[in-house]
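A structural walkthrough
Chain by chain, the residues run as shown.
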Amino acid sequence: MIRLTFLDDAYRALYADWPQAARECVAVLRMEAGRHPKDQALATLIGELSLRDPDFRTWWADHRVRGPRQLTKTYLHPVAGSITLDVQQFTVDTQPDQQLVAYTAPPDSPSQEALRFLLQWAAARGSRPNYPAPGEC
């Protein structure tokens, strides 16, 4: 996801506050880099992002670190408009390298209605989500 966040303009445009979301991604990545200092794939990703995106380079140099927590993100969906979701990140005790991330809309909110609309819209079009393959995140 961090590669998409920094290198895909369409994905970047989904965030109402892209700089804040991107800084959060960098802080989480820095925490992971500290936990896995010998991970070559992680080092390669950091190098790629550092070379290709000046914002990533600047925020990586800040040395901010952050673990899982609760936050709110607002997305600007091209069909449904603004959607604000609560995001909870959980670590899995038995698998410390795994995280569960839950996105929820407050009950009876415009965001919940927007998600319902998108579900119906996608079903009517016969759309299926295009999830990344394992290992592509």
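Our subject is the structure listed above.
**Structural notes on the pairing of strand β2 (residues 81-92)**
With eight bridges connecting them, strand β1 (residues 70-77) and β2 associate as antiparallel partners. Counterpart to Tyr 75 in the pairing with β2 is Ile 83. Turn length for the β1-β2 hairpin, with the two strands adjacent in sequence and antiparallel, is three residues. Where β2 hands over to strand β3 (residues 95-104), the hairpin turn is made up of two residues, counted between the paired strands.

**Some points on helix α4 (residues 40-52)**
For α4, built from 13 residues, the straight-helix expectation of 18 Å at 1.5 Å per residue is met to within 8% by its first-to-last C-alpha distance of 18 Å. Within α4 the residues assigned to the buried category are Leu 42, Leu 45, Ile 46, Leu 49 and Ser 50. Down the axis, α4 shows its buried residues gathered within 130° of arc, on one side only. Residues of α4 that are exposed and angled more than 90 degrees away from the buried face: Gln 40, Ala 41, Leu 51 and Arg 52. Among the structural elements, α1 (2-7), α3 (18-35) and α5 (54-61) are those in contact with the buried residues of α4. Measuring from the backbone nitrogen of Ala 41 back to the side-chain oxygen at the start of α4 gives 3.0 Å, which picks out Asp 39 as the cap.

Thresholds, definitions, all that
- Residues numbered from 1 in each chain as written.
- Predicted model: local features only at pLDDT ≥ 70, side-chain atom pairs only at ≥ 80, totals over all residues.
- Heavy atoms only, no water.
- Pairing = 2+ DSSP bridges.
- Helix = DSSP H or I, 4+ residues; strand = E, 2+ residues; numbered from the N terminus.
- Expected span 1.5 Å × (residues − 1).
- Buried < 20%, exposed > 50% of the residue type's maximum accessible area, 1.4 Å probe, protein only.
- Arc of directions from axis to C-beta.
- Contact = heavy atoms within 4.5 Å.
- Polar contact = N/O pair within 3.5 Å; in protein donor to acceptor, adjacent residues only side chain to side chain.

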